[in-house]
Amino acid sequence: MSRMPKHVLKLLSTVAAYDSGEGVTFRAIPRGRWRLAGHRRGYAVQARTFYPLTTGGLLEVSGDDPLAVAATITDAGRAHLAGGAK
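Please read these numbers as outputs of a predicted model, since none were measured by experiment.

### Some details on the side chain of Thr14
Part 1: When you line up the elements, Thr14 lands in helix H1 (residues 6–18).
Part 2: Thr14 sits in the buried class, given a relative accessible area of 8%.
Part 3: In this structure the side chain of Thr14 is engaged in a polar contact, spanning 2.7 Å, whose partner is the backbone oxygen of Lys10.
Part 4: Apart from the residues lying within four places of it in its own chain, the contact partners of Thr14 are Leu36 and Tyr43.

Structure, rendered in structure tokens:
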């Protein structure tokens, strides 16, 4: 996998920090952004930030609600953060 921008890696590490196995919930907010539910500082990202992580198999995003999705880090995502996959 090619080198990823800092904001994409921050999303991956944030999901890893908050995901206890069941995923974390992101809620839609204006201007094409998603906010992490329950984050003390209101962490938000552009929707397109998820794309390199989901296509690379590092994150799984699921849900039927168009205003809230669950993001779960995969084993490959954890390995990437640990330096096992570059």
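So that's the structure; there's more coming.
### Focus on H1
Part 1: Relative to the 18 Å expected for 13 residues at 1.5 Å per residue, H1 spans 18 Å between its end C-alpha atoms, a close match to the ideal helical length.
Part 2: Within H1, burial applies to Val8, Leu11, Leu12, Thr14, Val15 and Ala16.

### A short note on the confidence of the model for the protein chain
Part 1: With 94% of its residues at a pLDDT of 70 or more, the protein chain shows a mean pLDDT of 90.
Part 2: By mean pLDDT, helix H3 (residues 75–82) is the weakest element of the protein chain at 93, and strand E3 (residues 44–46) is the strongest at 96.

### So, the sheet that holds strand E5 (residues 68–73)
Part 1: Strand order across the open sheet formed by 5 strands is E3-E2-E1-E5-E4, with antiparallel pairing between neighbours. Edge positions in the open sheet fall to E3 and strand E4 (59–62), since each of these has one partner strand only. Between one strand and the next, the sheet's axes are offset by a mean angle of 30 degrees, whatever the strand orientation.
Part 2: Relative to E5, strand E1 (residues 24–29) runs antiparallel, the two being bridged by 4 bridges. Bridge assignment links Thr25 to a residue of E5, and that residue is Ala70.
Part 3: Sitting on the sheet, H1 is in contact with E1, strand E2 (33–36), E3, E4 and E5, with an inclination near 90 degrees to E5.

Conventions adopted
Numbering of residues starts from 1 in every chain and runs along the sequence as written. Confidence filtering applies because this is a predicted model: local features only for residues at pLDDT of at least 70, side-chain atom pairs given and counted only at 80 or more, and all residues used for totals across whole chains, interfaces and linings. Values reported for side chains reflect all heavy atoms of the structure, with hydrogen atoms and water molecules removed beforehand. Numbering of helices and strands runs from the N terminus, with a helix taken as a DSSP run of H or I at least four residues long and a strand as a DSSP run of E at least two residues long. Think of it in three bands: residues with accessible area under 20% of the maximum for their type are buried, residues over 50% are exposed, and the middle band is partly exposed, with areas taken using a 1.4 Å probe on protein chains only. Pairs of N or O atoms are called polar contacts if they sit within 3.5 Å, as long as, within protein, a hydrogen donor faces a hydrogen acceptor (for residues adjacent in sequence, only side-chain-to-side-chain pairs). Throughout, a contact is declared for two residues whenever any of their heavy atoms are within 4.5 Å. Take the residue count of a helix, subtract one, and multiply by 1.5 Å to get its expected span. pLDDT is a per-residue confidence score from the predictor, ranging from 0 to 100. Two strands form a pair only when DSSP identifies at least two bridges running between them. Note on geometry: axes are C-alpha line fits, over the in-contact stretch for helices, and angles between N-to-C directions span 0 to 180 degrees.

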